[in-house]
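These are the residues of each chain, in order.
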Amino acid sequence: MLFRDRWILFWATGCGVGKIPVAPGTFGSLPGLFLAWCVAGWHTGLLAVFILTISGLAVWVAHQAERIMGTKDPGAIVIDEVVGMLVACLGLSLTPASAVILFILFRLFDILKPFPVGWLDKHLTGGVGIVADDVAAGILANLVYRAGSGLVALFI
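Residues numbered from 1 in each chain as written. Predicted model: local features only at pLDDT ≥ 70, side-chain atom pairs only at ≥ 80, totals over all residues. Heavy atoms only, no water.

**Student:** How should the overall build of the protein chain be read in this particular structure?
**Tutor:** Helix and strand counts for the protein chain come out as seven helices and zero strands. Tracing the protein chain from N to C terminus, the helices and strands come up as α-α-α-α-α-α-α. Expected size for 156 residues packed as a compact globule is a radius of gyration near 15 Å; at 15 Å, the protein chain falls within 12% of this value. Each principal axis of the C-alpha distribution contributes one length, and for the protein chain these read about 60 × 30 × 30 Å. A buried classification covers 44% of the 156 residues belonging to the protein chain. Long-range contacts, defined here as pairs at least 24 residues apart, represent 75% of the contacts in the protein chain between residues at least 6 apart. Computed over 9 positive and 9 negative side-chain charges, the inter-centroid distance for the protein chain is 3 Å. (Helix = DSSP H or I, 4+ residues; strand = E, 2+ residues; numbered from the N terminus. Rg over C-alpha atoms; globule rule 2.2 N^0.38 Å. Buried < 20%, exposed > 50% of the residue type's maximum accessible area, 1.4 Å probe, protein only. Contact = heavy atoms within 4.5 Å. Lys, Arg positive; Asp, Glu negative; His and termini not counted. Charge placed at Lys NZ, Arg CZ, Asp CG, Glu CD.)

This is the structure we're talking about:
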């Protein structure tokens, strides 16, 4: 295997995390949460540009990794979970409690695939298809968290 292919697979699998035989998507979300924690203090505009850049790279890496691995959306590709977690945390103050809640919400939406997550998963292919459903799951997690926080604020 070429060095280039090994490098692509390294990033696609979240630095190897996606090779964990049980729940690779769940474990693959953890580096995304860690990265979100590291950039949480950034200005929202800068963070949005960062996430868009990472998303574009993730689409390319996922597309290449899918080709190298020879299967459609292999579970070992978890760079999409990294991006999804970044999207879930966008513009929010991260505390240990909010991080856990956002992680759980993101994983639920990624696993259960409500609309539009499931639609994107079924209708898009290649790197775009691999990443788009996780971005949608991240958006849903972010919105549900914001709505839940707003409701809690009303009663406190």
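**Student:** Before we go on, may I ask you to explain the layout of surface pockets in this structure?
**Tutor:** A probe as big as a water molecule, rolled over the atoms, marks out the empty space that is left. Taken as a whole, the largest pocket holds about 280 Å³ of empty space. For the largest pocket, the full set of lining residues is Trp11, Gly14, Cys15, Pro31, Leu35, Ile54, Leu57, Ala58, Trp60, Val61, Ile79 and Val82. When contributions to the lining of the largest pocket are tallied by element, the ones reaching two or more residues are α2 (24-38), α3 (44-69) and α4 (79-89). Broken down by element, the residue count for the lining of the largest pocket peaks at five residues, all from α3. Across the lining of the largest pocket, the residue classes tally to eleven nonpolar, one polar and no charged. Lining the second largest pocket are 15 residues; nearest its centre among them are Asp73, Asp80, Glu81, Asp110 and Lys113. (1 Å grid on protein atoms, 1.4 Å probe; cavity = no way out; pocket = protein on both sides within 12 Å on 5 of 7 lines; lining within 4 Å. Points joined across faces, edges and corners; volume = space filled by probe spheres on them. Nonpolar A, V, L, I, M, F, W, Y, C, P; charged D, E, K, R; others polar.)

**Student:** Whenever I open this one, the packing of α3 against helix α7 (residues 126-155) confuses me. Can you help?
**Tutor:** In a packed pair of helices, the relevant descriptors are the angle between the two axes and the axis-to-axis distance. The geometry of α3 relative to α7 is characterised by a closest axis approach of 7 Å and an angle of 120° between their N-to-C directions. Here α7 runs oblique to α3, going by the angle between their axes. α7 is crossed by α3, and the crossing has right-handed handedness. Within the contact between the two elements, α3 uses Ala58, Val59, Ala62, His63 and Glu66 and α7 uses Gly126, Gly127, Val128, Ile130 and Val131. Class assignment for the residues of the contact of α3 with α7 results in six nonpolar, three polar and one charged. (Axes fitted to C-alpha atoms, helices over the stretch in contact; angles between N-to-C directions. Parallel < 35°, antiparallel > 145°, perpendicular 65-115°, else oblique. Left-handed = near helix turned anticlockwise from the far one by under 90°.)

**Student:** Help me understand the environment of valine 117 in this model?
**Tutor:** Within the fold, valine 117 resides in helix α6 (residues 117-123). Its relative accessible area of 0% is what places valine 117 among the buried residues. In sequence terms valine 117 and valine 135 are 18 residues apart; their C-alpha atoms lie 8.4 Å from each other. Every residue in contact with valine 117, bar those within four places of it in the chain, is listed here: Phe109, Asp133, Ala136, Ala137 and Leu140.

**Student:** Please clarify how the side chain of aspartate 110 should be interpreted in this entry.
**Tutor:** One can find aspartate 110 in helix α5 (residues 96-112). Among all residues touching aspartate 110, those that are not within four sequence positions of it are Glu81, Asp133, Asp134 and Ala137.

**Student:** It is not clear to me how the pattern of salt bridges should be interpreted in this structure. Could you clarify?
**Tutor:** Across all of its chains, the model carries five salt bridges by this definition. In this structure, aspartate 110 engages arginine 107 in a salt bridge whose closest nitrogen and oxygen atoms are separated by 2.6 Å. On the criterion of helical spacing, the pair formed by aspartate 110 and arginine 107 is a turn pair, its members being three residues apart in helix α5. Taking the relative accessible area as the measure of exposure, arginine 107 reaches 10% and is therefore buried. (Salt bridge = Lys/Arg side-chain N within 4 Å of Asp/Glu carboxyl O.)

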